[in-house]
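Inside the fold
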There are 2 protein chains.
Amino acid sequence: MVADKSRSEQRDILGRAPSLADTLALRLRDEISSGRLQAGERLPTEQQLALTYGVSRPIVREAVGRLKHDGLVLSRQGAGAFVAEPGSSSVFRLDVADFSDKAELRHIVELLMAVEASATEHTAERHSEADLATIRTRLDAMQAAIDRGESGVDEDVAFHRAIIDATGNPFFRDLSEFLDRRVRNFIRTARANTARLAGMAQMVQGEHQAIFEAIVARDPQKARMAAETHLKNAAARLALYLGR
Amino acid sequence: MVADKSRSEQRDILGRAPSLADTLALRLRDEISSGRLQAGERLPTEQQLALTYGVSRPIVREAVGRLKHDGLVLSRQGAGAFVAEPGSSSVFRLDVADFSDKAELRHIVELLMAVEASATEHTAERHSEADLATIRTRLDAMQAAIDRGESGVDEDVAFHRAIIDATGNPFFRDLSEFLDRRVRNFIRTARANTARLAGMAQMVQGEHQAIFEAIVARDPQKARMAAETHLKNAAARLALYLGR
DNA sequence: AAAACTCCACTTGTCAGGCAACTTGGTTAT
DNA sequence: ATAACCAAGTTGCCTGACAAGTGGAGTTTT
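1. A few points about the interface of chain A and chain B
Tallying the contact residues gives 49 residues for chain A and 49 residues for chain B. Around 4500 Å² of area is buried between chain A and chain B when both sides are counted, 53% of it from carbon and sulfur atoms. When residues of chain A are sorted by the area they lose upon contact with chain B, His 69, Phe 92 and Phe 171 of chain A head the list and together hold 18% of the total. The interface formed by chain A and chain B contains 4 salt bridges. Note that Arg 224 of chain A is salt-bridged to Glu 228 of chain B, the shortest N-O span being 3.9 Å.

This is how it looks when you write it as structure tokens:
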């Protein structure tokens, strides 16, 4: 049976075989993205799918349900399920499952830099006094952490987060939070040696200071450039830290 | 029954009630994001959920399956389903279902601008001759369309797409394509009067020319600024076009 | 008494069969 | 010819059941 073969091949992180619905969903997704199933075309009936892939109908329903959830197909009771127009979907899905490729990490970091830099620019352009107060508090907290001899990573994150929150754009917030977490997660799993980074904290703080001053001055250009410099340096530190 | 009540209240675009699994998934998602279900905590068993919400177990499975798909919960056969740590998830989901709010459109446009501007900057920094040739072809195609008296929207999209593809970053490509489609989709549904835009095509082309020249000159700063100017003008044209 | 082992209740994963609601196309009646 | 109608096909949902895996309680062994 086709489904069984792919199951025994691919296994997840815990060494467990992915569910039948997962593999089937992946298969159907591939059928669509490869163009074997054109937009507007009707999918085979659930019974046919069940028969072809050697699974039960509930499994088929679960798999198709996921595609519906992701906006790839639309179903009408009594009529069938149809491949959605590629632009009609209202949901965007970003799956960064495997950092196996070094290139993927770089792509993620690039996107993160784009979002953060733009957000910093926006905040410099239009921030309230309350925003500024919050950012200043975070900056001071970072300094306090450094003075205590800590690495101050949490305070670092909080500082950037305050700047991004000030934009009032939830997409900036959610996306940068996700990307940031992915990168930090990668760092942690790659090598758990934060000691070397501690010495760089004051250097980081200096860059933070520059960003903050540009925001206070309401100078978007300067804020962007300061943020870009900071992020590029962070990437360089990351490379150093990973011992490349 | 609780589920039935919410079904009759919320209806989708076509006036059809959302599926039971959808409403249940939404409910559980809410339970998690609100913090009523803490990270690491075990979800009620499928049978309990089925009983509480008055649906059958397959429906519960479908709903929970979606949360698993989105990385919000992890399940272990025999043990149960557990709320995932926020940050362990490798999938990011962006749902731009409703443009009901004007603010949401602005947020989308802001994110699109951030991605496009950064991508343009990257391309100026590092592009091959082949990339350049493609971009030039698209630029010429746009001019040809204008000369034919057409609006050239397709050629416009293709031009930007070529620049973004040149970054070699699939996230830039996918995200900007999605956002662009959403915005254009909104424009189309809001008012289908492209006649007014046709006269602006030559103005758009002038901005494209500036972007292209900055890329050729390998001047990232200038490329970014040209792209930002272009996008801001586009947003302004959009506002004018919508008759705000 | 502590550790290891065994067994069993419980939970998720999957299957089978069936009924209700809806769509569609052809058929029949007007 | 047109309209009403009907029947087959399809999705939405349910019940009941078994297999596979987990975890703890009870039992045995050291």
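Read on, since the account is not over.
2. Examining the environment of Met 142 of chain A
All names here are of chain A. Here Met 142 lies in helix α6 (residues 129-147). Looking at Met 142, the relative accessible area reads 1%, which means it is buried. The spatial distance from the C-alpha of Met 142 to the C-alpha of Ala 201 is 9.0 Å, given a sequence separation of 59 residues.

3. A word on the nonpolar core
Among the nonpolar cores identified, the biggest contains 46 residues, and Leu 94 and Leu 175 of chain A together with Leu 94 and Leu 175 of chain B are the most heavily contacted of them. Residue assignment for this core shows that the elements contributing at least two residues are β3 (91-95), α5 (102-125), α8 (170-190) and α11 (220-241) of chain A together with β3 (91-95), α5 (102-125), α8 (170-190) and α11 (220-241) of chain B. Those residues in contact with Leu 94 of chain A that lie beyond four places of it in its chain are Leu 175 and Phe 178 of chain A together with Ser 90, Val 91, Phe 92 and Phe 171 of chain B.

4. Some remarks on the relation of the copies chain A and chain B
Each of the two copies of the chain can be brought onto the other by a rotation about an axis and a shift along it. Mapping chain A onto chain B is achieved by rotating through 180 degrees and translating by 0.0 Å along the same axis, at an RMSD of 0.1 Å. Taken together, the rotation and translation describe the operation of a two-fold axis. When each C-alpha of chain A is compared by its distance to the rotation axis, Arg 93 of chain A comes out closest, at 2.3 Å. Taken as a fraction of all interface residues of chain A, those also at the interface in chain B reach 100%, which identifies the copy contact as same-surface.

5. Considerations on the protein's contact with DNA strand C
Neighbouring residues of DNA strand C: 23 residues in total, closest Ile 59, Arg 76 and Gln 77 of chain A together with Arg 57 and Arg 61 of chain B. For DNA strand C, the fraction of protein-proximal atoms (within 4 Å) that sit in sugar or phosphate groups is 70%. The separation between a phosphate oxygen of DNA strand C and a polar side-chain atom of Ser 56 of chain A is 3.0 Å. Glu 46 of chain B places a polar main-chain atom, nitrogen or oxygen, 3.0 Å from a phosphate oxygen of DNA strand C. Of all the secondary-structure elements, those providing two or more residues to the surface near DNA strand C are α4 (57-69) of chain A together with α4 (57-69), β1 (73-76) and β2 (80-83) of chain B.

6. Considering the protein's contact with DNA strand D
As a structural note, the neighbourhood of DNA strand D is formed by 23 residues, with Arg 57 of chain A together with Ser 56, Ile 59, Arg 76 and Gln 77 of chain B the closest of them. Near the protein, within 4 Å, the atoms of DNA strand D are sugar or phosphate in 69% of cases. Between DNA strand D and Glu 46 of chain A there is a distance of 3.2 Å, counted from a phosphate oxygen to a backbone nitrogen or oxygen. Side-chain polar atom of Arg 57 of chain B to a base nitrogen of DNA strand D: 3.2 Å apart, as the coordinates give it. Those elements giving two or more residues to the surface near DNA strand D turn out to be α4 and β1 (73-76) of chain A together with α4 of chain B. Looking at the surface near DNA strand D residue by residue, the classes come out as 5 nonpolar, 9 polar and 9 charged.

7. Thoughts on the confidence of the model for chain A
Mean pLDDT over chain A stands at 85; residues scoring 70 or higher make up 86%. Segment residues 1-15 of chain A: pLDDT under 50, and 18 contacts once partners within four positions in sequence are set aside and those in other chains are kept.

8. Regarding the pairing of strand β2 (residues 80-83) of chain A
Residues and elements named next belong to chain A. Burial along β2 is one-sided: Ala 81 and Val 83 are buried, while Gly 80 and Phe 82, pointing the other way, are not. Bridging between β1 and β2 involves 4 bridges; their strand directions are antiparallel. Of the residues in β2, the one forming a bridge with Ser 75 is Ala 81. The turn joining β1 and β2, which pair antiparallel and follow one another in sequence, is formed by 3 residues; a positive phi near 90 degrees is taken by Gly 78.

About the thresholds
Position labels on residues start from 1 in each chain and follow its written sequence. Both sets of labels track the order of writing: A upward for chains, 1 upward for ligands. Reporting in this predicted model follows two pLDDT cut-offs: at least 70 for local features of residues, and 80 or more for side-chain atom pairs to be given and counted; totals over whole chains, interfaces and linings ignore these cut-offs and use all residues. Calculation of side-chain values draws on the structure's entire complement of heavy atoms; hydrogens and water are dropped beforehand. Throughout, a residue-residue contact means that at least one pair of heavy atoms, one from each residue, lies within 4.5 Å. Two parts placed together each lose some accessible area under a 1.4 Å probe, and the buried area is that loss summed for both. Salt bridge, as used here: a side-chain nitrogen of Lys or Arg that lies within 4 Å of a carboxyl oxygen of Asp or Glu. Think of it this way: any DSSP run of H or I at least four residues long counts as a helix, any run of E at least two long counts as a strand, and we number them from the N terminus. Relative accessibility under 20% of the residue-type maximum defines a buried residue, over 50% an exposed one, and the middle range a partly exposed one, all with a 1.4 Å probe and only protein chains included. As used here, the term nonpolar core means buried Ala, Val, Leu, Ile, Met, Phe, Trp, Tyr and Cys residues forming a set that is joined through side-chain atoms within 4.5 Å. For this overlay, a least-squares fit was computed on C-alpha atoms, restricted to residues scoring pLDDT of at least 70 in both copies. Consider each residue's heavy atoms; a residue with any of them within 4 Å of a molecule or strand counts as near. Throughout this description, a polar contact denotes any pair of N or O atoms lying within 3.5 Å of each other; where both atoms belong to protein, one of them has to be capable of donating a hydrogen while the other can accept it, and for residues adjacent in sequence the pair is counted only when both atoms sit in side chains. In this classification, the charged set is Asp, Glu, Lys and Arg, the nonpolar set is Ala, Val, Leu, Ile, Met, Phe, Trp, Tyr, Cys and Pro, and all remaining amino acids, among them Gly, are polar. A residue's pLDDT is simply how confident the predictor is in it, with values from 0 to 100. One requirement defines pairing of two strands: DSSP has to find at least two bridges between them.

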